[in-house]
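Per-entry structural report
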Amino acid sequence: QVQLEESGGGLVQAGGSLRLSCAASGRTFSSYAMGWFRQAPGKEREFVAAISGSGGSTYYADSVKGRFIISRDNAKNTVYLQMNSLKPEDTADYYCAAGIMIWRTMNPRYWGQGTQVTVSS
């Protein structure tokens, strides 16, 4: 069992930056791929970014590529999402997930509770 807790959400103006953090419990953190998903009001949850267990491979949705950076610190059991050049359409609840990568697709097994990100225009 893995428990995940996100932090770092908030209100930011368009063009600004935020860094989300996700702290994980357990001693098997490095065995999981970690990812970030988001869900905007009235929309389905969508993939944002993922990182392999070692941190050597990263994957991004086209909508955030070049603006967001996912990273992890296995010594701290934490994954990060650095969000730059934020746009109003990035407004959503952001969820951390732990799971496995299958053919470059993140398959979540555990979810955090989410953190809200609001980007004002």
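What counts, and at which threshold
For every chain, the first residue of the written sequence is number 1, and numbering continues from 1 onward in sequence order. Under the rules for a predicted model, residues below a pLDDT of 70 receive no local features and side-chain atom pairs below 80 are neither given nor counted, while totals for whole chains, interfaces and linings still include all residues. Side-chain metrics rest on all non-hydrogen atoms present in the structure, leaving aside hydrogens and water. Throughout this description, the term nonpolar core refers to a set of buried Ala, Val, Leu, Ile, Met, Phe, Trp, Tyr and Cys residues connected via side-chain atoms within 4.5 Å. Think of it in three bands: residues with accessible area under 20% of the maximum for their type are buried, residues over 50% are exposed, and the middle band is partly exposed, with areas taken using a 1.4 Å probe on protein chains only. Starting at the N terminus, helices and strands are each numbered in turn, a helix being any DSSP run of H or I of at least four residues and a strand any DSSP run of E of at least two. At least two DSSP bridges between two strands are needed for those strands to be called paired. Whenever a pair of cysteine sulfur atoms sits within 2.5 Å, that pair is classed as a disulfide. Throughout this description, the term salt bridge denotes a Lys or Arg side-chain nitrogen within 4 Å of a carboxyl oxygen of Asp or Glu.

Considering the nonpolar core
What tends to happen in soluble globular proteins is that the nonpolar side chains get buried as a cluster. Counting residues in each nonpolar core, the largest one holds 29 residues, and the members touching the most others are Leu4, Met34, Trp36, Val79, Leu81, Met83 and Tyr94. Counting only elements with at least two residues in this core, the list comes to β3 (18–24), β4 (33–39), β5 (46–51), β7 (68–73), β8 (78–83), β9 (92–102) and β11 (115–120). Counting 6 residues, the second-largest nonpolar core is a separate cluster that includes Ala33, Ala50, Tyr59 and Met106.

Description of the pairing of β9
Bridge count for β4 against β9 is 7 bridges, and the pairing is antiparallel. Residue pairing for β9: Gln39 is matched across the bridge by Asp93. Where β9 meets β11, 3 bridges bridge the pair, whose relative direction is antiparallel. Residue pairing for β11: Tyr94 is matched across the bridge by Thr115. Sheet topology places β9 next to strand β10 (residues 105–111); 6 bridges connect them, and they run antiparallel.

With respect to the pairing of β4
Of all 7 residues making up β4, 6 are buried, and the element is well covered by its neighbours. Examined bridge by bridge, β4 and β5 share 5 bridges and lie antiparallel to one another. The residue of β5 that forms the bridge with Arg38 is Glu46. Where β4 folds back on β5, the antiparallel hairpin that results is connected by 6 residues, among which Gly42 adopts a positive phi of roughly 80 degrees.

Brief notes about the state of the cysteines
Applying the stated criterion across every chain, the model contains 1 disulfide. The residue that forms a disulfide with Cys22 is Cys96, at a sulfur-sulfur distance of 2.1 Å. Judged by the torsion about the S-S bond (-80 degrees), the Cys22/Cys96 disulfide is left-handed. With Cys22 in strand β3 and Cys96 in strand β9, this residue pair connects regions lying 74 residues apart in the sequence. The same class applies to Cys22 and to Cys96, which are both buried.

Some thoughts on the pattern of salt bridges
Tallied over the entire structure, the rule returns 4 salt bridges. The salt bridge partner of Asp62 is Lys65, with a shortest N-O separation of 3.2 Å. This pair shows no difference in class: Asp62 is exposed, exactly as Lys65 is. With its nearest N and O atoms 2.7 Å apart, the salt bridge here joins Arg67 to Asp90. One end of the pair, Arg67, is in the loop between β6 (58–60) and β7; the other, Asp90, is in the loop between β8 and β9, and 23 residues separate them in sequence. Like Asp90, Arg67 is buried. Residues joined by salt bridges that share partners form a network here, namely Arg38, Glu46, Arg67 and Asp90.

Just distances and angles here, no functional claims.
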